[in-house]
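Here are the chains, one letter per residue:
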Amino acid sequence: MSNSTPYTRDLGGGLTLRDLASPADVERVAAFNAQIHGPETEQTWATWMRSHPYASDPRRWLFVEEAAGGRVVAALCQLPWRLQYDGVPLRSGEMGVVGTLEEYRGRGLQRALAARFDELLREGGFLLSHIQGIPFFYRQFGYEYALPLEAWVRVELYLVPELRADEGPGATVRLATLDDLPALMRLYDHAGTTLGVGALRDEAEWQFLMGKGLETEVGAETWVVEAPPGLIAGYFRTWFQGFGEGLICGESSLLSADGAMAALRHLKRLAEARDKPYIRLNLPRDSALVRIGLALGGSPWEAYAWQVRIPDPAALLRAIAPALEGRLAASPYAGLTRAFTINLYRRGITLRFEAGRLTAVEEGAGGGGDLRLPPQLLAPLLLGHRSLEELHHLFPDASAGREAAPLVATLFPRFESFLYQPY
Ligand SMILES: CC(C)(COP(=O)(O)OP(=O)(O)OC[C@H]1O[C@@H](n2cnc3c(N)ncnc32)[C@H](O)[C@@H]1OP(=O)(O)O)[C@@H](O)C(=O)NCCC(=O)NCCS
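Basis of the calculations
Residues numbered from 1 in each chain as written. Predicted model: local features only at pLDDT ≥ 70, side-chain atom pairs only at ≥ 80, totals over all residues. Heavy atoms only, no water. Helix = DSSP H or I, 4+ residues; strand = E, 2+ residues; numbered from the N terminus. Rg over C-alpha atoms; globule rule 2.2 N^0.38 Å. Buried < 20%, exposed > 50% of the residue type's maximum accessible area, 1.4 Å probe, protein only. Contact = heavy atoms within 4.5 Å. Core = buried A, V, L, I, M, F, W, Y, C linked by side-chain atoms within 4.5 Å. Salt bridge = Lys/Arg side-chain N within 4 Å of Asp/Glu carboxyl O. Near = heavy atom within 4 Å. Polar contact = N/O pair within 3.5 Å; in protein donor to acceptor, adjacent residues only side chain to side chain. Areas by Shrake-Rupley, 256 points an atom, 1.4 Å probe, with all protein chains shown as cover. Nonpolar A, V, L, I, M, F, W, Y, C, P; charged D, E, K, R; others polar. Pairing = 2+ DSSP bridges. Phe/Tyr/Trp six-rings, centres within 6.5 Å; stacked < 30°, edge-to-face > 60°. Lys NZ or Arg CZ within 6 Å of the ring centre and 35° of its normal.

## A short note on the overall build of the chain
Here comes step 1: What the chain contains, in helices and strands, is twelve helices and 19 strands.
Here comes step 2: For the chain, whose C-alpha radius of gyration is 23 Å, the value lies close to the compact-globule estimate of 22 Å for 423 residues.
Here comes step 3: Projected onto its principal axes, the C-alpha positions of the chain cover 70 × 65 × 35 Å.
Here comes step 4: When the 423 residues of the chain are sorted by exposure, 55% land in the buried category.
Here comes step 5: Sequence separation of 24 or more characterises 69% of the internal contacts of the chain that already satisfy a separation of 6 or more.

This is how it looks when you write it as structure tokens:
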């Protein structure tokens, strides 16, 4: 671990805000986080800080310590993700491992840590930030529910039919090895093209997930589906731990119907062997496993959500110009020339389209506007999580003029997204 420019800020009252400057800091922060989030979690934080190719960046593990004695009293971290938005690569900083010692709560320490977190977002060109976080708390920092999280279907084991005597084996399943990495990466990237917003994953992250990551409490095994034997047709991953009592399958490539049935049968056998009462498919709603799981009688797909913040809306809109232009080109608005104004009430953003190209994104005062939106609703709309009609249902101040409404629906449609974790 090396941090060439350790950060230190005096918060007053005998407290200092810092980032990791030494291996001893790694141990202290892991121990503190374990005190807040449970002793079983310590190894996870230490492994991320020491061995993850990107989460180990020492500048992104922030903590507050007592200047006298150095006791850690609050902490959070920024986990850097690379996402794709309709094919456009973006960086998002996940706020994670947030905690304050009980006797220090309510003194604004998380507010101070969040301010440093924001500086790091700006310095790193992160256009989004997301958090799994406790309900409600993060709204005060500008986060809103905007991407599916813990989306799942419960499939009872008895619902998964055994192979009939007259059926061929179809597809077979085996544990993946590092030799399978090129195929796994190709399958992962291909599955990502079906998601409006998804997480990009490089070889270093794959190596971590199939190596050191197995030692963490979010460790998962990777299974390869072969059809016919010897030919890799897909993969899925199963977690050792996680929410609920079921066996969690929380990632899969695109699978054929045969491949998905073979995967479900394998999941059933694993669940039986591991004394798990049901299969929990934590997967996109449109995935083959979810669709077959539902057809077999699984419980309805339901989802919590990631809370997302857009630190600089104009910068994000500039970055996703290729996606917006693509949507226009595929619509009756192909070749559009007009200004389109989003009124975020306290300020406005004007998108200037010329012959279907987004030539400028300008910030100005609020007022008027083709689309009127309370600022916190920009994330769910832009990320395809909710349509304007759905938002309007609960927030009458989210609306579009009659003439602009179809254009809003074209630029900001609903779509399916899912974030597979890079750690
Ligand atoms: C939630 C937690 C991190 C808050 O830490 P904290 O240091 O007390 O937070 P701050 O003092 O910076 O609070 C910031 C603001 O949130 C308010 N706040 C504190 N806890 C809150 C809660 N649970 N819900 C809503 N608001 C809360 C504070 O009053 C303060 O508001 P103000 O600035 O308008 O006065 C802390 O209670 C904690 O560690 N809880 C246990 C672990 C946990 O749940 N972590 C979050 C996992 S995602």
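## So, the nonpolar core
Here comes step 1: Core analysis: the largest hydrophobic core is formed by 134 residues, its most contacted members being L281, L317, F340 and F412.
Here comes step 2: Here this core gets ten residues from one element, more than from any other, and that element is strand β4 (residues 72–85).
Here comes step 3: Apart from residues no more than four positions distant in its own chain, F412 is found in contact with L317, L324, R327, F340, I342, L371, L381 and L382.

## Here's the deal with the pattern of salt bridges
Two side chains that carry opposite charge are able to pair once their charged atoms sit near each other.
Here comes step 1: This structure, assessed with the given rule, holds 32 salt bridges.
Here comes step 2: For E123, the salt bridge identified is with R116, shortest N-O distance 3.7 Å.
Here comes step 3: Put simply, E221 and R274 hold a salt bridge, and the shortest N to O gap is 2.8 Å. In this pair, E221 sits in strand β10 (residues 220–226) while R274 sits in the loop between α6 (257–273) and β13 (278–281), placing the two residues 53 residues apart along the sequence.
Here comes step 4: The partly exposed category is assigned to R274, whose relative accessible area is 30%.

## A short note on the site of the ligand
Here comes step 1: Taken together, 17 residues surround the ligand, and among them V98, T100, G106, G108 and R111 come closest.
Here comes step 2: Contacts to the ligand include V98, whose backbone N or O atom sits 2.9 Å from a nitrogen atom.
Here comes step 3: The separation between an oxygen atom of the ligand and a polar main-chain atom of G108 is 2.7 Å.
Here comes step 4: Relative to its unbound accessible surface of 900 Å², the ligand loses 64% to contact with the protein.
Here comes step 5: Broken down by secondary-structure element, the contributors of at least two residues to the shell around the ligand are β5 (88–100) and α3 (109–123).
Here comes step 6: Residues that form the shell around the ligand fall into these classes: seven nonpolar, seven polar and three charged.

## Things to note about unusual backbone geometry
Here comes step 1: Here A227 and P228 are connected by a cis peptide whose omega angle stands at -5°.
Here comes step 2: By the secondary structure assignment, P228 is in the loop between β10 and β11 (232–239).
Here comes step 3: Here the phi dihedral of V97 falls at roughly 50°; this positive angle occurs in a residue that is not glycine.
Here comes step 4: In this structure, V97 sits in strand β5.
Here comes step 5: We classify V97 as buried; its relative accessible area is 10%.

## Examining helix α7 (residues 288–295)
What sets the pattern is the α-helix's 3.6 residues per turn: residues three or four places apart point alike.
Here comes step 1: Among the residues of α7, those classed as buried are L289, V290, I292 and G293.
Here comes step 2: Its buried side turned inward, α7 meets β7 (144–156), β12 (247–252), α6 and β13.
Here comes step 3: G297 lies just past α7 and shows a positive phi near 115°.

## Focus on the pairing of strand β14 (residues 302–309)
Here comes step 1: Taken together, the three bridges between strand β6 (residues 128–131) and β14 define a ladder with antiparallel strand orientation. Across the sheet, the residue bridging to H130 is V308, located in β14.

## Some thoughts on the environment of T47
Here comes step 1: Topologically, T47 is positioned in helix α2 (residues 42–51).
Here comes step 2: Owing to a relative accessible area of 6%, T47 belongs among the buried residues under this scheme.
Here comes step 3: As a C-alpha pair, T47 and E215 span 168 residues in sequence and 7.8 Å in three-dimensional space.
Here comes step 4: Within the structure, the side chain of T47 is placed 2.7 Å from the backbone oxygen of Q43, a separation counted as a polar contact.

## Description of the packing of aromatic side chains
Here comes step 1: One pass over the full model with this rule turns up 14 aromatic pairs.
Here comes step 2: With centroids separated by 5.4 Å and ring planes inclined at 75°, the aromatic side chains of W45 and W48 adopt a geometry described as edge-to-face. With W45 and W48 both in helix α2 and three residues apart, the pair spans about one turn of that helix. There is no split in this pair, since W45 and W48 are both buried.
Here comes step 3: Between the aromatic rings of W206 and Y235, the centroid separation amounts to 5.7 Å while the plane-to-plane angle is 75°, which identifies the pairing as edge-to-face. Remark: Y235 occurs in strand β11 and W206 occurs in helix α5 (residues 203–209); sequence separation between them is 29 residues. Y235 matches W206 in its accessibility class, with the two residues each being buried.
Here comes step 4: Through pairs of rings, three or more aromatic residues link up here, namely W45, W48, W81, W306 and Y423.
Here comes step 5: Looking at R154, its charged tip hangs above the ring of Y278, at a distance of 3.8 Å from the centre.
Here comes step 6: Stacked on the ring of W239, the Lys or Arg R237 has its end atom at 5.3 Å from the ring centre.

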